[in-house]
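For reference, the chains in residue letters:
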Amino acid sequence: LLGSEREPRFFPEQGELRDRYDVVIIGGGGHGLACAHYLAKEHGITNVAVLEQGYLGGGNTGRNTTIIRSNYLTPEGVRFYDASLQLFQGLSEELDINLFYSTRGHYTLAHSDEALRTMRWRAEVNRHHGIDSRVVGPDAVAADIPGIDLECGGNHPVMGALYHAPGAVARHDAVAWGYGRAAANRGVEIHQQTRVTGIRTAGGRVTGVDTDRGAVDCGAVVSMVAGSTPRITAMVDLPTPIEIYPLQACVTEPVKPFLDTIVVSGSLHVYLSQSSRGELVMGAAVDPYSLHSTRSSFEFVEGLADRLIDLLPFTARLRVNRQWAGMSDLTPDFAPIMGTTPLDGFYLDAGWGTWGFKATPISGQTMAATVAAGRNHELIEPFRFDRFTDFQLVGEKGAASVGH
Ligand code: PYC
């Protein structure tokens, strides 16, 4: 068969937009596609369009360092991310696609008494919720992280670490493809290269969206666009406290496998793991200024290398092969904003900052349940839109991994 005569390998060809959908999801990243999948699978809602301005998984889903963990600080966060981790563990089978889900263990290094105190706090909250996290000493760190300089060049000696056994990595873009294919197989339409330019409302509720391919009516709009959130919420005059900061990452040339675990140092602003190909996948703090851009900078790699060499001196000899950036939609309390909003029929899944990939399955599932029921799923109620006006914040900064 000629290529043009074959069945599409992954997604059916999408024609024109329909006149009306029950649900329009803005954003064809992991969260949007997961929501489409669970709407169709768990609620029988299939008259759904996912509108993506670029290509599937081309936003933050394809721009993170693929870390999955549930070692959060607040009970609300721990419950939510642990439910996500549980879903991740069965996801390759559910979606019939190899996500290369790999449990590695996750070290968060402490270089000060204050950091160690936070690690103890997190370990206590985690264990209370049945999650395998514990504080370990420098010897355990040295045994699991070959090549580490525990003195960090004399600058920030490692005093201990939070060890989180279920910490994992997975092939990030396959998560988007898997959810997209599963949703499409149930009748969801996925329209790439389709930019939402406006949201229509009447009588205090959503009635449709305008796109660069025409207008459609709909009963509900779900915004799942991470770093583009302010552009979408401005369309419905819904102010949020979200600010956008770039988060950059890079990979080195491949080297012989030496590192099984995921390593995070909030104080050194470094985190890394070794991919199945042997590359070190690494990142640092968010950029020190708010910016709506995915450009990468030399300053990022230079600063990261400077601190990484303190931790793992041999990495001074490695070349960086590739770098990229995503746009983090940060909230003041470092927890997401999810669920219903003051505008009927408009739902928000945002504020994913630097921790959105690991939440993909549970965000999709709980947002789908919220849209189907018209009220927040209990797991996301703590992350509700109006928590900033009634001062019920969910302070997760201590578990954010990335410096801010
Ligand atoms: O939250 O685990 C995390 C993380 C790692 C890198 C960026 N965020």
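What this report covers is the structure whose coordinates are included nearby.

Cut-offs applied
Residues numbered from 1 in each chain as written. Predicted model: local features only at pLDDT ≥ 70, side-chain atom pairs only at ≥ 80, totals over all residues. Heavy atoms only, no water. Pairing = 2+ DSSP bridges. Helix = DSSP H or I, 4+ residues; strand = E, 2+ residues; numbered from the N terminus. Axes fitted to C-alpha atoms, helices over the stretch in contact; angles between N-to-C directions. Contact = heavy atoms within 4.5 Å. Polar contact = N/O pair within 3.5 Å; in protein donor to acceptor, adjacent residues only side chain to side chain. Core = buried A, V, L, I, M, F, W, Y, C linked by side-chain atoms within 4.5 Å. Buried < 20%, exposed > 50% of the residue type's maximum accessible area, 1.4 Å probe, protein only. Phe/Tyr/Trp six-rings, centres within 6.5 Å; stacked < 30°, edge-to-face > 60°. Near = heavy atom within 4 Å. Expected span 1.5 Å × (residues − 1). Parallel < 35°, antiparallel > 145°, perpendicular 65-115°, else oblique. Nonpolar A, V, L, I, M, F, W, Y, C, P; charged D, E, K, R; others polar. Disulfide = S-S within 2.5 Å. Salt bridge = Lys/Arg side-chain N within 4 Å of Asp/Glu carboxyl O.

Overview of the sheet that holds strand β4 (residues 102-103)
Part 1 of the reasoning: Taken in spatial order, the 3 strands make up an open sheet running β3-β8-β4, and their pairing is antiparallel. Edge strands, defined here as strands with exactly one partner in the open sheet, are β3 (67-68) and β4.
Part 2 of the reasoning: In this sheet, strand β8 (residues 168-169) lies alongside β4 in antiparallel orientation, the contact comprising 2 bridges. By the bridge assignment, Ser 102 is partnered in β8 with Val 169.

So, the sheet that holds strand β5 (residues 106-110)
Part 1 of the reasoning: The 8 strands lie next to each other as β6-β7-β5-β14-β15-β16-β13-β17, forming an open sheet whose pairing is mixed. Each edge of the open sheet carries a strand with a single partner, namely β6 (133-136) and β17 (320-330). Neighbouring strand axes in the sheet, compared pairwise and without regard to direction, differ in orientation by 20° on average.
Part 2 of the reasoning: Pairing of strand β13 (residues 243-252) with β17 involves 10 bridges; the strand directions are antiparallel. Residue pairing across strands places Cys 250 opposite Gln 323, the latter belonging to β17.
Part 3 of the reasoning: Against the sheet, helix α8 (residues 298-311) touches β5, β13, β14 (262-265), β15 (270-274), β16 (280-286) and β17, its axis set at about 110° to β16.

What to know about the side chain of Glu 279
Part 1 of the reasoning: Here Glu 279 is to be found in the loop between β15 and β16.
Part 2 of the reasoning: Side chain to side chain, Glu 279 and Arg 277 meet in a polar contact 3.2 Å long.

A closer look at the nonpolar core
Part 1 of the reasoning: Counting residues in hydrophobic clusters, the biggest one holds 62 residues, and the most contacted among them are Val 23, Ile 25, Leu 39 and Phe 80.
Part 2 of the reasoning: Breaking this core down by element, the ones donating at least two residues are β1 (20-26), α1 (30-43), β2 (48-51), α2 (75-89), α3 (91-95), α6 (172-185), β12 (214-223) and α9 (360-373).
Part 3 of the reasoning: Excluding its chain neighbours within four sequence positions, the residues that come into contact with Leu 39 are Val 23, Ile 25, Gly 44, Ile 45, Val 48, Ala 368 and Val 371.

Quick look at the packing of aromatic side chains
Part 1 of the reasoning: Overall, the coordinates contain 12 aromatic pairs when judged by the stated rule.
Part 2 of the reasoning: Between Phe 80 and Trp 352 the ring centres are 6.2 Å apart and the planes differ by 20°, which places this aromatic pair in the stacked class. Remark: Trp 352 occurs in the loop between β19 (346-350) and α9 and Phe 80 occurs in helix α2; sequence separation between them is 272 residues. Residue Phe 80 shares its accessibility class with Trp 352, and that shared class is buried.
Part 3 of the reasoning: Geometrically, the ring pair formed by Phe 80 and Phe 383 is edge-to-face, given 5.2 Å between the ring centres and 80° between the ring planes. Taken together, the residues Phe 80 in helix α2 and Phe 383 in the segment after α9 connect sequence positions 303 residues apart.
Part 4 of the reasoning: Exposure remark for Phe 80: the relative accessible area of 0% places this residue in the buried category.
Part 5 of the reasoning: Members of the aromatic cluster, joined through ring pairs, are Tyr 72, Phe 80, Tyr 81, Trp 352 and Phe 383.

Quick notes on the site of the ligand
Part 1 of the reasoning: In the vicinity of the ligand, the contacting residues are Thr 65, Ile 67, Arg 69, Tyr 271, Thr 354, Trp 355, Lys 358, Ala 400, Ser 401 and Val 402.
Part 2 of the reasoning: Note that an oxygen atom of the ligand is positioned 2.9 Å from one of the side-chain N or O atoms of Lys 358.

Let's talk about α1
Part 1 of the reasoning: The terminal C-alpha atoms of α1 lie 19 Å apart, and with 14 residues this matches the ideal 20 Å at 1.5 Å per residue to within 8%.
Part 2 of the reasoning: Burial analysis of α1 places 11 of its 14 residues in the buried class, the great majority of the element.
Part 3 of the reasoning: Taken together, the buried positions of α1 are Gly 30, His 31, Gly 32, Leu 33, Ala 34, Cys 35, Ala 36, His 37, Tyr 38, Leu 39 and Ala 40.
Part 4 of the reasoning: Where α1 ends, the next residue or the one after it, Gly 44, has phi of about 65°, a positive value.

Section: the packing of α2 against α9
Part 1 of the reasoning: Between α2 and α9, the least distance of the axes is 7 Å, while the angle of their chain directions is 105°. The orientation of α2 with respect to α9, classified from their angle, is roughly perpendicular. Between α2 and α9, the residues in contact are Phe 80, Ala 83, Ser 84, Leu 87 and Phe 88 and Thr 360, Pro 361, Ile 362, Ser 363, Gln 365 and Thr 366, respectively.
Part 2 of the reasoning: Counted by class, the contact of α2 with α9 contains 6 nonpolar, 5 polar and no charged residues.

What to know about the state of the cysteines
Part 1 of the reasoning: Counted under the stated rule, the structure contains 0 disulfides.
Part 2 of the reasoning: Cys 152 takes part in no disulfide bond, and the closest cysteine sulfur to it belongs to Cys 250, at a distance of 18 Å.
Part 3 of the reasoning: When its relative accessible area of 0% is taken as the criterion, Cys 152 is described as buried.

Description of the pairing of strand β18 (residues 337-340)
Part 1 of the reasoning: Sheet topology note: the β18/β19 ladder contains 4 bridges and is antiparallel. Within β19, the position partnered with Ile 337 by the bridge is Ala 350.
Part 2 of the reasoning: Taking the residues between adjacent antiparallel strands as the criterion, β18 and β19 are bridged by 5 residues, where Gly 345 takes a positive phi near 85°.

Overview of the environment of Pro 313
Part 1 of the reasoning: Positionally, Pro 313 belongs in the loop between α8 and β17.
Part 2 of the reasoning: With relative accessibility at 36%, the residue Pro 313 sits in the partly exposed group.
Part 3 of the reasoning: Taking the C-alpha atoms as reference, Pro 313 lies 29 Å from Tyr 245; in sequence the two are 68 residues apart.
Part 4 of the reasoning: If near-sequence neighbours (up to four positions away) are discounted, Pro 313 is found in contact with Gly 147 and Asp 149.

Here we look at the pattern of salt bridges
Part 1 of the reasoning: This structure, assessed with the given rule, holds 12 salt bridges.
Part 2 of the reasoning: Arg 18 serves as the salt-bridge partner of Glu 189, at 2.9 Å between the closest nitrogen and oxygen. Of the two residues, Glu 189 is situated in strand β9 (residues 189-191) and Arg 18 in the segment before β1; the sequence distance between them amounts to 171 residues.
Part 3 of the reasoning: Accessibility expressed as a relative area gives 11% for Glu 189, which makes it buried.
Part 4 of the reasoning: The partner of Arg 387 in a salt bridge is Asp 333, and the shortest N-O contact between them spans 2.8 Å.

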